[in-house]
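# Coordinates in review
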Amino acid sequence: MKVDRFHEGPLVYVTCVQCGLIYQNPRPTQDSLTRFFSSEGFTSAKDAGREDGQIAGYYDYLKDEPFRFKLAKSRLSKLEKILPGKKPLRILKIACGTGTFLKVARDHGHEAMGVDVSDIFVRFGRERYNVPLLHGRFEDVDLEGREFDAILFFGAINNLVEMRKVFDKVKAHLAPEGVFAFNYIDIDNFLARWQKDRFWLYRPPAIYQFTRQKIPTMLEHFGWRLVEHSSDSQYT
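All values reported here derive from a predicted model rather than from experimental measurement. (Residues numbered from 1 in each chain as written. Predicted model: local features only at pLDDT ≥ 70, side-chain atom pairs only at ≥ 80, totals over all residues. Heavy atoms only, no water.)

### Quick word on the overall build of the chain
Within the chain one finds nine helices and nine strands. The C-alpha atoms of the chain give 18 Å as radius of gyration, which agrees with the globular expectation for 236 residues (18 Å, within 12%). Along the longest, intermediate and shortest principal axes, the C-alpha atoms of the chain span 50 × 40 × 30 Å. Evaluated residue by residue, the chain yields a buried proportion of 49% over its 236 residues. Looking at charge distribution, the chain has the averaged site of its 35 positive side-chain charges lying 3 Å from that of its 31 negative ones. (Helix = DSSP H or I, 4+ residues; strand = E, 2+ residues; numbered from the N terminus. Rg over C-alpha atoms; globule rule 2.2 N^0.38 Å. Buried < 20%, exposed > 50% of the residue type's maximum accessible area, 1.4 Å probe, protein only. Lys, Arg positive; Asp, Glu negative; His and termini not counted. Charge placed at Lys NZ, Arg CZ, Asp CG, Glu CD.)

Encoded structure:
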């Protein structure tokens, strides 16, 4: 599939004949993604002057912070039910954005830290919420041998350049009986099938596209055991 509506140039998505994974080919480089995630074009298309069809990130990320706090409380409640009797939970959130979940988790007595590649988000979270944020790619940051009861990765799995490296590093820092939770958008949905190349998730930073059918196969390939596969909201 060819997507040709962005200033960055045309995107081409192909499907692996062996595993069925959909991905960009050629893919954006890590350097270009890092620059993009720290740009106004990612955090606020409104301020960057991008039209609707040109939105490659968020229309106005910070405007949605109140919603993210509500979602963070809901997700934390579910996590506490999955890991009952453990408090404080040691939590790491990958691609944590401004750190709303970290703020909620710490206010509830847990030990929570995050990693994000956007210097805009990291700076905002440190200053506004006073939460511990590491700036950089999860694959590259030094976690100093820490183990976590829960590692969370919401709203950004499409943007990975080195997927296996991320999954392997998560495994290395997950405590025994710990949980790794991530979400994704099933590209095999009615709206995506109807809109085709106009579907919003076909955009420059979205390297991979996933289907519900292929996720179990992918996890098995990476050496993981799937324990729950349920619906979730997309906002980070």
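### Re the pattern of salt bridges
In this structure the tally under the stated criterion is ten salt bridges. Across the salt bridge formed by Lys78 and Glu228, the nearest N and O atoms sit 3.0 Å from each other. You can see Lys78 sitting in helix H4 (residues 65-82) and its partner Glu228 sitting in the segment after helix H9 (215-221), a full 150 residues away along the chain. Taking the relative accessible area as the measure of exposure, Glu228 reaches 44% and is therefore partly exposed. Between Glu162 and Arg137 there is a salt bridge, with its nearest N and O atoms 3.2 Å apart. (Salt bridge = Lys/Arg side-chain N within 4 Å of Asp/Glu carboxyl O.)

### Section: the nonpolar core
In this structure, Phe153, Phe167, Phe180, Phe182, Phe210 and Met218 are the most contacted members of the largest nonpolar core, which totals 40 residues. Among the elements of the structure, helix H1 (30-37), strand S4 (90-94), strand S5 (111-116), strand S7 (148-153), helix H7 (163-173), strand S8 (174-182) and H9 are those that each provide at least two residues to this core. The dominant element in this core, judged by the number of residues it contributes, is H7, at four residues. Discounting residues that sit within four places of it in the chain, Phe167 has contacts with Ile157, Phe180, Phe182, Met218, Leu219, Phe222 and Trp224. If you look at the next biggest cluster of nonpolar residues, it comprises 20 residues, including Cys96, Leu102, Val122 and Leu152. (Core = buried A, V, L, I, M, F, W, Y, C linked by side-chain atoms within 4.5 Å. Contact = heavy atoms within 4.5 Å.)

### Brief notes about the sheet that holds S7
Read across the open sheet, the five strands follow the order S6-S5-S4-S7-S8; overall the sheet is parallel. Of all the strands in the sheet, the pair left with one neighbour each is strand S6 (133-135) and S8. On average, adjacent strands in this sheet sit at an angle of 20 degrees to one another, irrespective of strand direction. In this sheet, S8 lies alongside S7 in parallel orientation, the contact comprising five bridges. Across the sheet, Ile151 pairs through a bridge with Phe180, a residue of S8. Across the sheet, helix H6 (residues 119-129) is in contact with S5 and S6; its angle to S6 comes to roughly 155 degrees. (Pairing = 2+ DSSP bridges. Axes fitted to C-alpha atoms, helices over the stretch in contact; angles between N-to-C directions.)

### Concerning the environment of Asp186
Turning to its location among the elements, Asp186 is positioned in the loop between S8 and helix H8 (190-195). As for Asp186 and Phe6, which are separated by 180 residues in sequence, their C-alpha atoms are 22 Å apart. Non-local contacts of Asp186, meaning those with residues more than four positions away in its chain, are made with Phe210, Thr211 and Arg212. Within the structure, the side chain of Asp186 is placed 3.4 Å from the backbone nitrogen of Arg212, a separation counted as a polar contact. (Polar contact = N/O pair within 3.5 Å; in protein donor to acceptor, adjacent residues only side chain to side chain.)

### Some remarks on H6
Here H6 has its buried residues at Phe121, Val122, Phe124, Gly125 and Tyr129. Within H6, the buried residues cover an arc of 165 degrees as seen down the axis, which keeps them to one side. Tucked into the core, H6 has its buried residues touching helix H2 (40-43), H4, helix H5 (100-107), S5 and S6. Two residues or fewer after H6 comes Asn130, characterised by a positive phi angle close to 55 degrees. (Arc of directions from axis to C-beta.)

### A look at the pairing of strand S2 (residues 11-15)
In the sheet, strand S1 (residues 2-3) pairs with S2 via two bridges, with the strands oriented antiparallel. Residue pairing for S2: Lys2 is matched across the bridge by Val12. Relative to strand S3 (residues 22-24), S2 runs antiparallel, the two sharing three bridges. Its bridge partner being in S3, Tyr13 is matched across the sheet by Gln24. Hairpin remark: S2 followed by S3, antiparallel, with six residues in the connecting loop; positive phi at Gly20, about 85 degrees.

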